[in-house]
Amino acid sequence: NVQAQYLAIYGQRLFISLKLEGTSTLVWLKISTDNESTAPPQFTPFQRKKTVGECNTILSPRGLEVDPLGRIWVLDNGNKTCRAKLWICNLNNNDEIIKVHQFPDTVLSSNKKELSELVLDKSRDNWFAYITNFVSDHLIVFDLNKSKIWTVQFQGKKFRALALHPKKELLYLSQYDSHELYAISVDSLRDERRKDKETRIGSWSNNYCTRMQFDTAGVLYAAFLGKDFVAYAIADAVIVGSSLKQKCFFKDPVNPQEKMKSIIFALDKSGCMWMMIYKKNEYKLLKIRVGASSYLYGSQNACEEKGTCPTTENHPLKSTLANSHGRVQSHLSKISPTTTSSPKSNAEATTPTAPAPVENQNGKGIRTCNQNLLVLNTVLSCWNIFCLFSIASQILWFRKMKRRQDSIARIKKEREQMCAAPIINRESEREVTSEPVYEEIEPIYEEVEPQQSTSAPHTVADIHV
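Residues numbered from 1 in each chain as written. Predicted model: local features only at pLDDT ≥ 70, side-chain atom pairs only at ≥ 80, totals over all residues. Heavy atoms only, no water.

A look at the overall build of the protein chain
- Check the secondary structure of the protein chain and you find 5 helices and 24 strands.
- Per-residue burial for the protein chain yields a buried fraction of 45% across its 465 residues.
- A fraction of 50% describes how many contacts in the protein chain between residues 6 or more apart in sequence connect residues 24 or more apart.
- Accessible surface computed for the protein chain: about 26400 Å², of which carbon and sulfur atoms make up 52%. (Helix = DSSP H or I, 4+ residues; strand = E, 2+ residues; numbered from the N terminus. Buried < 20%, exposed > 50% of the residue type's maximum accessible area, 1.4 Å probe, protein only. Contact = heavy atoms within 4.5 Å. Areas by Shrake-Rupley, 256 points an atom, 1.4 Å probe, with all protein chains shown as cover.)

This is the structure in structure tokens:
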């Protein structure tokens, strides 16, 4: 069985890392843009020149990446007798070897050596490579200018898949033995003496992630172990969350009911994704137009000046989610270890050029994330205080209303008891229990002697009380 492990593309050359019966090799095939071409392209070994010594060739190619300058970076896991290496070759000059850097034992021990993914980072005047070794909790960093290599430890977390955001601020890392996704500041990785803490982004809902890659619009594509589809997530919408807002991006348009065994993919400069799927003991090569290039061509400063930066608002995924089959530009037939059928492609293959320098963003992504968390915590704290006061006010109001209702009920009950008693009983009760409401007062008067009246012959007695 031939197993395709890694994929990279540059111009009209498609590079594939193949594993066959315990050995691995790096081959490439030419992708024709002639729709009428019927000649099947042939696999060609990448290193055709014979070299002296087993350790002077690429033995176990793992991660593959081609930078915009036309240099292919090959991660070689080596074998029991040969050290792991990082190969850099110039594709524009007959695949000339530019640099071969061996991994020392202080960085990569022979008994814990399972190199997996490779991503490239372009600073203002330098190139960095970030490499995962999924049997170790260390991330390997390579500085091209200094030709120096070091590791960054993650306290028990082992990572496999890597993806660099096109703004060159954050490196996303997916754990090897869980569904968790993390991010760390690129500035801290470039500085050997600095170590920022990784930030948890969320968790994939499908399975362990085996491959991730960003496009220039900030869309993160991911393939999963044992899953027959590729998912995507908008990077700006997944910062800090318990689960990623991911959606299915691709399923086989020919026989979607048949389960695929593996998927590998890579983005090119022209806005297309090249994907190899394995099912029914054969490989199929697909070309899918996504409308955005590989993250390596995401020089935000340059494209913002030209006004050509792709954004998630006008990204094709926004309007074609329900019609994923319509995005497949060409469907290539099965690929054998020696031949492949003719590709049918409408895209023009052009030679990539180097992007404009990317300014150092000084870890703004992590700081922005922390600031957002601080604001969120402040808002939640204020909301909790408001809810506490609101609940306390409601409790006091209910107690006041309860006392008032109890007072009204008590008065009403007393009145009902008084009205229900007989009138006689009430009068007798009043005589026995109550004091008289009045007292007898002697009449006040005096006798006045009669006086003679001058106007009448008789006597009138005036009585004054």
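A word on the pairing of strand S10 (residues 127–133)
- Extensive coverage of S10 is indicated by the burial of 7 of its 7 residues.
- Side chains Trp127, Ala129, Ile131 and Asn133 of S10 all project onto a buried face; the interleaved residues Phe128, Tyr130 and Thr132 project onto the opposite face, where all are buried too.
- Alignment of strand S9 (residues 115–122) against S10, held across 6 bridges, turns out to be antiparallel. Across the sheet, the residue bridging to Asp121 is Phe128, located in S10.
- Remark: 4 residues form the turn of the hairpin made by S9 and S10, two consecutive strands paired antiparallel. (Pairing = 2+ DSSP bridges.)

So, the sheet that holds strand S2 (residues 13–20)
- In spatial order, the strands read S1-S2-S3-S4; together these 4 strands make up an open sheet with antiparallel pairing. The open sheet has two edge strands, strand S1 (2–10) and strand S4 (44–45), and neither has a second partner.
- Sheet topology places S1 next to S2; 8 bridges connect them, and they run antiparallel. Bridging from a neighbouring strand, Ile9 pairs with Leu14 of S2.

A look at the packing of aromatic side chains
- In total, this model carries 11 aromatic pairs according to the counting rule given.
- Note on Tyr172 and Phe214: the rings are 5.0 Å apart at their centroids and 65 degrees apart in plane angle, and the pair reads as edge-to-face. In this pair, Tyr172 sits in strand S14 (residues 170–175) while Phe214 sits in strand S17 (residues 209–214), placing the two residues 42 residues apart along the sequence.
- According to the relative accessible area criterion, Tyr172 is buried, its value standing at 2%.
- One aromatic cluster is present, formed by Phe154, Phe159 and Tyr182 through successive ring pairs.
- In this arrangement the basic side chain of Lys195 is found over the ring face of Phe154, its NZ or CZ atom lying 5.0 Å from the centre. (Phe/Tyr/Trp six-rings, centres within 6.5 Å; stacked < 30°, edge-to-face > 60°. Lys NZ or Arg CZ within 6 Å of the ring centre and 35° of its normal.)

Shape descriptors only; they carry no functional weight alone.
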